[in-house]
Amino acid sequence: MTQLRGDGHVHLADYAAPAWRIPHAELQFELDPDATVVSARLCLSPDPAQPGQPLELDGEGLELLDITLDGQPLAPGRYDYDGRRLVVHGLSGDCELATRVRIHPAGNTRLEGLYRSGDLLLTQCEAQGFRRITFMADRPDVMPRWRIVLRANRDAFPVLLANGNPLASQDLGDGRHEASWENPHPTPAYLFAIAAGPLERVSRRLQTAEGRDVEINIWAEPSDVARCQYALGAVERALRWDEQRFGRCYDLDVFNVVAAQDFTMGAMENKGLNIFNARYILADESTATDADFLAIESVVAHEYLHNWSGNRVTLRDWFQLSLKEGLTVFRDTEFSSDLHSRALKRIEVVRLLRGRQFAEDAGALAHPVRPDRYKEISNFYTLTIYEKGAEIIRVLHTLVGEDAFRAGMDRYFADNDGKAATLEDFIAAHAAASGRDLTQFARWYAQAGTPEVSVSADFDGASGDYTLTIDQNTPPTPGQQHKQPLVIPLRYRLFDADGTSVTQAPESDAVVRDGLVELTAARHVLRWRGLEDKPLPAFNQGFGAPVKLVFDQGVDELARLVRFETDSFNRWDLLQRLATEALLARPQAEAATGALSDALAGLLTDAQADPAFVAECLVLPDFDTLAEQLDEVDVQALVARREELLDRLAEDQVGRLQVRYEALADAAREGLSGRAMSARALRNACLAWLTRLDPEARLAQAQFDAGGTMTERIAALRCLLHFQAPGADAALAGFRDAHAGDPLVTDKWVALVATRPHPDALGDVQSLMATPWWKPANPNRVRALVGSFARSNPLAFHRLDGAGYQLVADQVAALDAVSPQVAARLLGAFESWRRWAEPLRARARAALAPLDGRLASPDARDLLERLLD
Ligand code: BES
Ligand code: ZN
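Just so it is clear, the model here is predicted, and its values are computed rather than measured. (Residues numbered from 1 in each chain as written. Chains lettered and ligands numbered in written order. Predicted model: local features only at pLDDT ≥ 70, side-chain atom pairs only at ≥ 80, totals over all residues. Heavy atoms only, no water.)

1. Structural notes on the coordination of the zinc ion (ligand 2)
In step 1: The protein atoms that coordinate the zinc ion (ligand 2) are His-302 (NE2), His-306 (NE2), Glu-325 (OE) and Glu-325 (OE), at distances spanning 1.9 to 2.8 Å.
In step 2: One can describe the site at the zinc ion (ligand 2) as irregular: its 6 donor atoms subtend angles covering 52 to 162 degrees at the metal.
In step 3: Here the donor residues for the zinc ion (ligand 2) map to a single chain with the spacing H-x3-H-x18-E.
In step 4: Residue classification places His-306 among the buried positions, given a relative accessible area of 0%. (Donors = N, O, S within 2.8 Å, 3.2 Å for Na, K, Ca; no water. Tetrahedral: all angles 85-135°; square planar, octahedral: opposite > 155°, others 65-115°. Buried < 20%, exposed > 50% of the residue type's maximum accessible area, 1.4 Å probe, protein only.)

Set out below in structure tokens:
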């Protein structure tokens, strides 16, 4: 079982294979919200290499009713159960253990294990929730084949779903009925799921490339089922894409998805029975924004794609988490890039990395993509495991190329199918397929912190020799003082005076090919000889590795690069750099502002540019991205500078903004087409800038009043609220009443209120907590109100009086008893507190320190300890 060392941590180095295997499990549920009885029969088989070991099973807070071994009641002396672990002594050889336990779904507010959500009964088992359902070796390397029988009152629970294929169903007479399911694939307990209740569905049949007939169903409560069509289409798109791009087919007769109003996370990939937060399923044009549609498609794809990267090939232990999550994020990102705009997807990902993952990697909670120890695994579902993990796969893809990458993936799936794998298995498959030594590549998994790549350039006018010296350095992180060099594929390009690329290949001690240098040592030198003029260099095109580039480049050079660069992502990135100079670099600020303004003027009048891309260029680096680049963050000053720059740019562009806003009106009305979404994106970006110049916010008011799509209404409402327009209160009330019955839409306006850029937003948040809307047991409500306040409202969260920190700390303390994982996640908002300028740092400490002693859950305690360490 999971071994704890004296330091209270589980260590990767302590991994031991299970002493008992469980080739088969059969579960029977007598479902009832108040008291459900679970009967389990586990077929046990000792590992021949470890004979004579006691059987240890996990079981958290279970009421044990019966226990038998091979059909005989087990004498009390043969087993111990301490409320967490069941130990059975004196077993030898294959045998069958049967237990009966009682659990209480309606009282389960943690939303782990079996719980009630409205009229439904649902499960969430990853990472360690199964042990709250029945006794089991709750570790991913124990993978039974399963049979599941569900019994319940037919009126209350007309639909009974479980993993795998349906076997049979029957009426039991007394108002009850029964359904049996079989999951023939070896599956760890964390992928177990059931769902029961008055569910309705939308459904589609298709045939896989291998010829299997599959029924896809999306299930929801009756009032929601009309909004499931889009998600159904997304499942089909993901299924086809995995066939085409990775050659992976679906492997059961049904693929069921259930939408739940109460769910801690976004969604869960249980084998054959995905369970989703309703916000990532339900959508129609009147309640979902364009961003919601794209997010739904991407989350649906993510969970579907886990069927191979996670389920067919699962994890040996939780230290390997990024093996499924990083890889699946890489896969879902490729899916979205293939279906829509690759450049826009890259912009979205890079914003997330620079704004949030870099901060995580530089803060108190920094950890390697493969941690070597943990206290609470639920605290490791982080941007580092997910997003940095995906970037590392992308580095591998760049190093070996698409064909070898695909061959490596084929080999990984073939070698590990039905098994519990490690990152070493993944790397070995790719090394074998590509013929490349990936020893150094593996360091990416072991070292925390964002590497800095610093470049210095030297041009000798007499000889025409041009030298680039490239250093890499990864800063220290908690528990890791010294880092070794990583393999970093760094793109570069040299332009001559008229913007053509210098084609001469450089001499170098590094491997260099087609504009890409593979950095492997702490320092490399690239040298060109006999150039006529000093070239203009550019680096890290496409953001080819999760690194920070440090290169002192003048604004005039950046401005020239913007003109020469043709790739959309790279142009966007250059504009972000100009904006960063304008915001953070005092001496260059004015020049950078001018250059940025010129570039934006060009983009706004460029009829060829995708309007959605232009919209992205109007979005300056966000607060987090800027703060991350400062050693000490004066929050108020940083926000003020950003607002000033936005005001100034808006004034410069006002005419062009008006023209684009008007001109795109017709295209914006074309439903869900890419063209219409793109038009709405740019119109909304223009609207946000134009509203800065208009205290009456007439345009925003008009867009709000015109109705239109949710994308347009919510963007207009944001402008009205955030610029405190005269019509803000009336608009908010109108919107609120129009959507009062829809919790997901209500979350949207609540988030707008919680992110109003003003210290007084704190009072609005407190007021909302005093209304009947506030249900702290529902994670979506918490995220909409407290999560967006803490993560996306710098002026209110970082109030100088510390009241913002106090509000969040109080919520953490209150939530800790209700939903510990949600409480722990909120604490993450403090990850960078040591860099906040006084008096904020002292205020943060004053809010955090008293939590010690107020937190009962190991989840939140683990985070608090690491924050204060
Ligand atoms: N396996 C996770 C869900 C999960 C996360 C379970 C944490 C238990 C603890 C799932 O595949 C996932 O990654 N979901 C993400 C959304 C995804 C699109 C990145 C989530 O829930 O946030
Ligand atoms: Zn996932």
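2. Focus on the packing of helix α14 (residues 635-663) against helix α15 (residues 674-692)
Think of two packed helices as two axes; the pair is described by the angle between the axes and how far apart they sit.
In step 1: Closest axis-to-axis distance for the α14/α15 pair is 7 Å, and the angle between their directions is 125 degrees. On the basis of the axis angle, α14 is oblique to α15. Pair α14 / α15 crosses with left-handed handedness. Contacts between α14 and α15 involve Glu-643, Leu-646, Asp-647, Leu-649, Ala-650, Gln-653, Val-654, Leu-657, Gln-658, Arg-660 and Tyr-661 on the former and, on the latter, Leu-682, Arg-683, Cys-686, Leu-687, Trp-689, Leu-690 and Arg-692.
In step 2: Of the residues belonging to the contact of α14 with α15, the class tally is 11 nonpolar, 2 polar and 5 charged. (Axes fitted to C-alpha atoms, helices over the stretch in contact; angles between N-to-C directions. Helix = DSSP H or I, 4+ residues; strand = E, 2+ residues; numbered from the N terminus. Parallel < 35°, antiparallel > 145°, perpendicular 65-115°, else oblique. Left-handed = near helix turned anticlockwise from the far one by under 90°. Contact = heavy atoms within 4.5 Å. Nonpolar A, V, L, I, M, F, W, Y, C, P; charged D, E, K, R; others polar.)

3. With respect to the packing of aromatic side chains
In step 1: Inspection of the entire model under this criterion finds 34 aromatic pairs.
In step 2: Residues Tyr-81 and Phe-135 carry aromatic rings whose centres are separated by 4.8 Å and whose planes lie at 85 degrees to one another, so their mutual orientation is edge-to-face. Of the two residues, Tyr-81 sits in strand β7 (residues 79-81) while Phe-135 sits in the loop between β11 (120-124) and β12 (145-153), which places them 54 residues apart along the sequence.
In step 3: On the basis of an interplanar angle of 75 degrees and a centroid distance of 5.6 Å, the ring pair of Trp-308 and Phe-413 is categorised as edge-to-face. Here the residue Trp-308 occupies a position in the loop between α2 (290-305) and β22 (314-315), and Phe-413 occupies one in helix α6 (residues 402-416), the gap between them amounting to 105 residues.
In step 4: The structure contains a cluster of three or more aromatic residues connected by ring pairs, namely Phe-789, Phe-797, Tyr-805, Phe-830 and Trp-836.
In step 5: The aromatic ring of Tyr-230 is capped on one face by Arg-237, whose charged end is 5.3 Å from the ring centroid.
In step 6: One residue, Arg-248, lies across the ring of Trp-308, its end atom 4.7 Å from the ring centre. (Phe/Tyr/Trp six-rings, centres within 6.5 Å; stacked < 30°, edge-to-face > 60°. Lys NZ or Arg CZ within 6 Å of the ring centre and 35° of its normal.)

4. Some thoughts on the state of the cysteines
In step 1: A full pass over the atoms with the stated rule returns 0 disulfides.
In step 2: Cys-686 takes part in no disulfide bond, and the closest cysteine sulfur, belonging to Cys-719, lies 11 Å away. (Disulfide = S-S within 2.5 Å.)

5. Examining the pattern of salt bridges
As a working rule, side chains carrying opposite charge can pair if their charged atoms are close by.
In step 1: Enumeration according to the criterion identifies 75 salt bridges in this entry.
In step 2: The partner of Asp-47 in a salt bridge is Arg-21, and the shortest N-O contact between them spans 3.3 Å. Here Asp-47 is found in the loop between β3 (36-46) and β4 (55-58), whereas its partner Arg-21 is found in strand β2 (residues 20-30), with 26 residues between them in sequence.
In step 3: A relative accessible area of 8% means that Asp-47 is categorised as buried.
In step 4: Given a relative accessible area of 44%, Arg-21 falls into the partly exposed group.
In step 5: With its nearest N and O atoms 2.5 Å apart, the salt bridge here joins Glu-616 to Arg-351. Taken together, the residues span a long stretch of sequence, with Glu-616 in helix α12 (residues 611-618) and Arg-351 in helix α4 (residues 342-362) at a distance of 265 residues. (Salt bridge = Lys/Arg side-chain N within 4 Å of Asp/Glu carboxyl O.)

6. A closer look at the pairing of strand β15 (residues 176-183)
In step 1: Among the 8 residues of β15, 6 are classified as buried, and the element is accordingly described as predominantly covered.
In step 2: Bridging between strand β14 (residues 165-171) and β15 involves 6 bridges; their strand directions are antiparallel. What sits directly across from Ala-168, in β15, is Ser-180.
In step 3: Where β14 hands over to β15, the hairpin turn is made up of 4 residues, of which Gly-173 adopts a positive phi near 90 degrees. (Pairing = 2+ DSSP bridges.)

7. Things to note about the environment of Leu-732
In step 1: Here Leu-732 shows up in helix α18 (residues 728-738).
In step 2: Leu-732 has contacts with Leu-717, Leu-721, Trp-749 and Val-753, leaving out every residue within four places of it along the chain.

On their own, these measurements won't tell you what the molecule is for.
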